[in-house]
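# Residue-level structure breakdown
Residue strings, one per chain:
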Amino acid sequence: MAIFWKHLKSSSPLLQRLKRHVTGGHCLLSRSFTTLEGHRPTIVHKRSLDILHDPWFNKGTAFSMTERDRLDLRGLLPPNVVSSEVQIERFMVDLKRLEVQARDGPSDPNALAKWRILNRLHDRNETMYYKVLIANIEEYAPIVYTPTVGLVCQNYSGLFRRPRGMYFSAEDRGEMMSMVYNWPADQVDMIVVTDGSRILGLGDLGVQGIGIAIGKLDLYVAAAGINPQRVLPVMIDVGTNNTKLLEDPLYLGLQQHRLDGDDYLAVIDEFMEAVFTRWPNVIVQFEDFQSKWAFKLLQRYRTTYRMFNDDVQGTAGVAIAGLLGAVRAQGRPMIDFPKQKIVVAGAGSAGIGVLNAARKTMARMLGNNEVAFQSAKSQFWVVDAKGLITEGRENIDPDALPFARNLKELDRQGLREGASLAEVVKQVKPDVLLGLSAVGGLFSKEVLEALKGSTSTRPAIFAMSNPTKNAECTPEEAFSILGDNMIFASGSPFSNVDLGNGHIGHCNQGNNMYLFPGIGLGTLLSGSRIVSDGMLQAAAERLAAYMSEEEVLKGVIFPSISRIRDITLEVAAAVIEEAVEEDLAEGYHEMDARELRRLSPDEIKDYVKNNMWNPEYPTLVYRHE
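Residues numbered from 1 in each chain as written. Predicted model: local features only at pLDDT ≥ 70, side-chain atom pairs only at ≥ 80, totals over all residues. Heavy atoms only, no water.

### A look at the UniProt feature "active site" (unreviewed entry) in the protein chain
Our working definition: UniProt positions are given in the numbering used here, feature names are shortened, and annotations may be inferred rather than shown by experiment. The secondary structure listing takes helices from DSSP runs of H or I that are at least 4 residues long and strands from runs of E that are at least 2 residues long, numbered from the N terminus. Contact definition: two residues touch when any of their heavy atoms are within 4.5 Å.
On the UniProt side, "active site" (unreviewed entry) is annotated at positions that read Tyr145 and Lys216 here. Across 72 residues of sequence, these annotated residues stay compact in space, with a maximum C-alpha separation of 6.7 Å. By secondary structure assignment, the location of Tyr145 is in the loop between helix H8 (137–144) and helix H9 (148–154). Leaving out residues up to four positions away in the same chain, Tyr145 has contacts with Lys216, Leu219, Asp310, Asn511, Asn512, Met513 and Phe516.

### A look at the pairing of strand E15 (residues 497–500)
To be explicit about the condition: Think of it this way: DSSP has to see at least two bridges between two strands before they count as a pair.
Where E15 meets strand E16 (residues 503–505), 3 bridges bridge the pair, whose relative direction is antiparallel. Residue pairing across strands places Asp498 opposite Ile504, the latter belonging to E16. A loop of 2 residues connects E15 with E16, the two strands running antiparallel in sequence, and Asn501 in this loop sits at a positive phi of about 55°.

### Some points on the UniProt feature "domain: Malic enzyme NAD-binding" (unreviewed entry) in the protein chain
Mapped onto this numbering, the UniProt entry gives "domain: Malic enzyme NAD-binding" (unreviewed entry) at residues 312–580. Summarising residues 312–580: 45% helix, 12% strand, and an end-to-end C-alpha distance of 24 Å.

### A few points about the confidence of the model for the protein chain
What counts is decided by this rule: Note: pLDDT gives the predictor's confidence per residue, expressed from 0 to 100.
Summary statistics for the protein chain give a mean pLDDT of 89 and a share of 92% for residues scoring 70 or more. A low-confidence stretch, residues 1–35 stays under pLDDT 50, and its non-local contacts, those more than four residues away or across chains, total 54 contacts.

### Digging into the sheet that holds strand E10 (residues 380–384)
Pairing within the open sheet is mixed, and its 7 strands lie in the order E11-E10-E9-E12-E13-E14-E17. With one partner strand each, in any of the chains shown, strand E11 (387–388) and strand E17 (507–509) form the two edges of the open sheet. Pairing of E10 with E11 involves 2 bridges; the strand directions are antiparallel. Across the sheet, the residue bridging to Asp384 is Gly387, located in E11.

### A word on the pattern of salt bridges
Counted only if it meets this: For this document, the term salt bridge refers to a Lys or Arg side-chain nitrogen within 4 Å of an Asp or Glu carboxyl oxygen. Each residue is assigned to one of three classes by its accessible area relative to the maximum for its type, calculated with a 1.4 Å probe on protein chains only: buried under 20%, partly exposed between the two thresholds, exposed over 50%.
Counted according to the given criterion, the structure contains 36 salt bridges. Among the ionic pairs, Asp186 bridges to Arg278, the shortest N-O distance being 3.1 Å. Placement of the pair is Asp186 in the loop between helix H11 (176–179) and strand E5 (190–194) and Arg278 in helix H14 (residues 261–278), with a sequence separation of 92 residues. Using a relative accessible area of 14% as the deciding quantity, one classes Arg278 as buried. Note that Asp336 is salt-bridged to Arg332, the shortest N-O span being 3.4 Å. By relative accessible area, Arg332 is classed as partly exposed at 26%. When salt bridges with common partners are traced through the structure, they connect Arg542, Glu570, Glu577 and Lys605 into a single cluster.

### Some points on helix H7 (residues 126–135)
Residues that lie three or four places apart on an α-helix share one face, since the helix turns once every 3.6 residues. Burial of H7 is extensive: 8 of the 10 residues sit out of reach of the surface. Among the residues making up H7, those that are buried are Glu126, Thr127, Met128, Tyr129, Tyr130, Lys131, Val132 and Leu133.

### Here's the deal with the nonpolar core
Quick reminder of the rule: Grouping buried Ala, Val, Leu, Ile, Met, Phe, Trp, Tyr and Cys residues that are joined through side-chain atoms within 4.5 Å yields what is termed a nonpolar core.
If you look at the biggest cluster of nonpolar residues, it comprises 165 residues, and the most contacted ones within it are Ile191, Phe271, Met272, Val284, Phe286 and Phe462. Counting residues per element, this core draws most heavily on helix H16 (residues 310–329), at 11 residues. Excluding residues within four positions of it along the chain, Phe286 makes contact with Val193, Ile268, Met272, Leu297, Tyr301, Met307, Phe308, Asn309, Asp310 and Asp311. In this structure, Ala450, Leu451, Ile461 and Phe488 belong to the second largest nonpolar core, which totals 30 residues.

### Looking at helix H24 (residues 533–546)
Condition: Expected helix span is computed as 1.5 Å times (number of residues minus one).
Spanning 14 residues, H24 covers 20 Å between terminal C-alpha atoms, matching the ideal 20 Å at 1.5 Å per step. Turning to H24, its buried residues are Met535, Leu536, Gln537, Ala538, Ala539, Ala540, Leu543, Ala544 and Tyr546. On its buried side, H24 packs onto H16, helix H17 (349–365), helix H23 (516–526) and helix H26 (564–581).

### Notes on the packing of helix H6 (residues 110–124) against H8
The axes of two packed helices give the description: the angle between them and the distance between them. Applicable threshold: Convention adopted: a line fitted to C-alpha atoms gives each axis, helices being fitted over their contacting stretch, and angles between N-to-C directions are expressed from 0 to 180 degrees. Oblique is the label for any angle not covered by the other classes, which are roughly parallel (under 35 degrees), roughly antiparallel (over 145) and roughly perpendicular (65 to 115). Note on residue classes: Ala, Val, Leu, Ile, Met, Phe, Trp, Tyr, Cys and Pro are nonpolar, Asp, Glu, Lys and Arg are charged, and everything else, Gly too, is polar.
At a closest axis distance of 9 Å, the pairing of H6 and H8 adopts a crossing angle of 95°. With respect to H8, the element H6 is oriented roughly perpendicular. Facing Ala111, Lys114, Trp115 and Leu118 of H6, the residues of H8 in contact are Glu139, Tyr140 and Ile143. Across the contact of H6 with H8, the residue classes break down as 5 nonpolar, no polar and 2 charged.

### A short note on the sheet that holds strand E8 (residues 307–309)
Pairing within the open sheet is parallel, and its 5 strands lie in the order E4-E6-E5-E7-E8. The open sheet is flanked by strand E4 (166–169) and E8, the only strands paired with a single partner. Across the sheet, the mean angle from the axis of one strand to that of its neighbour is 20°, orientation sign disregarded. By the bridge criterion, 3 bridges tie strand E7 (residues 283–286) to E8 in an arrangement that is parallel. From the neighbouring strand, Val284 faces E8, where its bridge partner is Met307. Most of the contacts of H14 go to E7, to which it runs at about 150°, and overall it touches E4, E5, strand E6 (231–237), E7 and E8. Of the strands in this sheet, E7 and E8 touch helix H15 (residues 291–301), which is tilted by about 160° from E8.

### What about the packing of aromatic side chains?
Stated formally: Centres within 6.5 Å are what make two rings of Phe, Tyr or Trp a pair, Trp counting through its six-membered ring; a difference in plane orientation under 30 degrees is then read as stacked, over 60 as edge-to-face, and the rest as tilted. Any Lys NZ or Arg CZ found within 6 Å of a ring centre and within 35 degrees of that ring's normal is scored as a charge over the ring.
Applying the stated criterion to the full structure yields 14 aromatic pairs. With centroids separated by 5.0 Å and ring planes inclined at 35°, the aromatic side chains of Phe286 and Phe289 adopt a geometry described as tilted. Both residues of the pair, Phe286 and Phe289, belong to the buried class. The interplanar angle of 45° and the centroid separation of 6.3 Å between the aromatic rings of Phe479 and Phe488 together place this pair among those described as tilted. Accessibility expressed as a relative area gives 5% for Phe479, which makes it buried. Given a relative accessible area of 0%, Phe488 falls into the buried group. Among the aromatic residues, those joined into a cluster by ring pairs are Phe276, Phe286, Phe289, Tyr301 and Tyr305. Its end group placed over the ring of Trp293, Lys296 keeps NZ or CZ at 5.3 Å from the ring centre.

Next comes the structure, spelled out in structure tokens:
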């Protein structure tokens, strides 16, 4: 550090930039080129009631008296200036009081009532909303994201109050290039887009799927510190095949059957060209596209645009991190992962995405050559709705074909084409049973009893399907049959299980939010033009290594959601390091690629932290347009 300073002249512009980040003699960042997010005064072009009605700039009763004078607010607010801490305390008291009262009758869950109240806060004061969300992330992440977001999407036409995000439809063909300029932000860093065709495990919800894009971006802001004024939720409405929605007079989307084939691709192509024309540096996350299109669109765009598919790649990364954690929980090094026998239930976009990622991870550990790739393939048995997938199946899905088992080999194992999940588990005796089927209760008592024959010292069950009702089994079911010497992970949150005698069955939530915010933030700050397999792999491995040895030996393989900002920082740093290693990094704002390459791992973490937005009220300065 001393050497670094020694080589800078006092008049250097670089030194002047660095000095701005030194406070009280302590260097906040050894090599920083950007001002702390959220600490700049904000220029606004509106005053009076217009400010109070704008959730981006509204502070409610927290406006100082000088701001009230500058912005013509004096007399429009109660005279007492209240701190943001007191505002939050007052809101939390109201929230607890209103939770029950906000329910629409006894059938309305408290979770949906909480969502309504939080959404109202979001509508009127965005900064305070994110303060509340970050401070209570463990409690409210399941409200703004899975599982409650599923309920929100199912009821979105009735819950819609004010627009959030953008809607591109099949009716807008030929107009999208001009439509993107209707969005007021000149800079957009992150877009989450869905076509509503496969929302969680709930199926085709049409235009109502916008709720999932909004929820994901809330987590980008809360977990990754992406500036909320630079995010954009998008719904591409190409129709719906949901009969109920087609006949519902209150449905807000196009009441026509979904476009398909070249017509469908033309809409998505036009959207991608439009958003990247206006915002060339944006990152687009594809979310909840049906399996039919998820892989095709990923392969179509991933080498030309900054994009990734969270269902395919994010779910895969979290699963890989969990699988590596399960190896650690057995008291073995992660390098032993290629020895794991894994039975996978589900061959949709998420299941195939996990299989491909796990195979690549194993192959890399075995030498990353063709022999290693073939060897890794032999560690997986894939079961879909028709049973075990083998080379003897007719009309096999091309994406599943690489994992089809050889029939002669199966004869020796006592298995056949279409064998049931219970049969496969009984004969294979796997180390891991991985569920990505979206079929609630698929891991029946028979299947769990079969897993008792596992050759592993500590078998693992991953019931990863969302929302909660689609989980392949509950932790209570798993621990009651297999005892406490097992690892349990799920996609939705479950409470730990009290096994008696002071023993706890830990329920690890393999939540995509551990990875996608860090992948997005790391890609943004690295300036990489693509999201590479290596960057995704680095993210998964950093998450797997995050837990201490003591924690994993207790069966805790995923961290607490309460640590999400620190986790995201680590993941983003890993993504940046890998982008630099692969020579993909082009830099971000004043941090050019050359300087980025010079940063040490600790300096990269500081760089990430320094660019994470925090929900602090900015000083507002009015300027007439």
